[in-house]
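Fold and contact review
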Amino acid sequence: MKKARKRPAVVQAYRLGEENSVVDGLTAEGEIRLRGDGSFEVFSPEAMGETGEIAHTGDYIKLDSSGRPYPNSAEYFEKNHSHIAAEFYEQRSNEVSVWMYGDPMCPEIQYLMEHKQLTFHEDDPDKYFRAPLWGTILYAAKDAVIVFYRISRDEKGRIADEDFNFVERKEFERTYELLSER
């Protein structure tokens, strides 16, 4: 697998459940939907179905470079961002592993297939990658990037768990940099 990291950036983010005109506007546009149980559906570019990614009060939404929202859990967001002012946060740049169509099959992708229900769909290049994430089925085009935020291993070095998501290729190219192989 390749290594990458987010480019240093200041991002806009908003905490769900707090009064905010941006969240109100995204809700009015249908990009965010309040559910009857008090949780939220966030319609990121990868949420192409009838349900959005499930987020909860206190979680954050960030806006991608095209202005579309996507959720971050409060724990992840607060660990990886520093508040600057108002809705602006500095994103910390952590190294992540990434996998793209055409890369060799690896144990990390095999684990996702066996344990996280990642599937590939040659007949639908716009929804080539599919997996249950954030309480819904997310889809990504064949040129998307699978980003591994965390890979846990047991005492024998076997994969015990992985946190991952899909990132559209254009968004990946704008916001990440591939690291040179060591």
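Conventions we followed
- Residues numbered from 1 in each chain as written.
- Predicted model: local features only at pLDDT ≥ 70, side-chain atom pairs only at ≥ 80, totals over all residues.
- Heavy atoms only, no water.
- Core = buried A, V, L, I, M, F, W, Y, C linked by side-chain atoms within 4.5 Å.
- Buried < 20%, exposed > 50% of the residue type's maximum accessible area, 1.4 Å probe, protein only.
- Helix = DSSP H or I, 4+ residues; strand = E, 2+ residues; numbered from the N terminus.
- Contact = heavy atoms within 4.5 Å.
- Arc of directions from axis to C-beta.

Details of the nonpolar core
- Of all hydrophobic cores here, the largest spans 17 residues; its most connected members are Ile109, Leu118, Phe129, Ile146, Phe164 and Phe166.
- If you list the elements that add at least two residues to this core, you get helix 3 (107–115), strand 12 (129–133), strand 13 (136–140), strand 14 (145–153) and strand 15 (159–167).
- With 3 residues, the single largest contributor to this core is strand 12.
- The residues contacting phenylalanine 166, other than those within four sequence positions of it, are Glu46, Leu118, Phe129, Arg130, Ala131, Leu133, Leu138, Tyr139, Ala140, Val145 and Ile146.
- Of all hydrophobic cores here, the second largest spans 10 residues; its members include Tyr14, Leu16, Ile32 and Val42.

Side note on helix 3
- Three or more residues of helix 3 are buried, namely Glu108, Ile109, Tyr111 and Leu112. Taken down its axis, helix 3 places every buried residue within 155° of arc, on the same side. Exposed residues on helix 3 whose side chains face more than 90 degrees from its buried face are Pro107 and Glu114.
- Residues of helix 3 that are buried sit in contact with strand 10 (95–100), strand 11 (119–120), strand 14 and strand 15.
- Once helix 3 finishes, glutamine 117 follows within two positions and takes phi at roughly 60°, a positive value.

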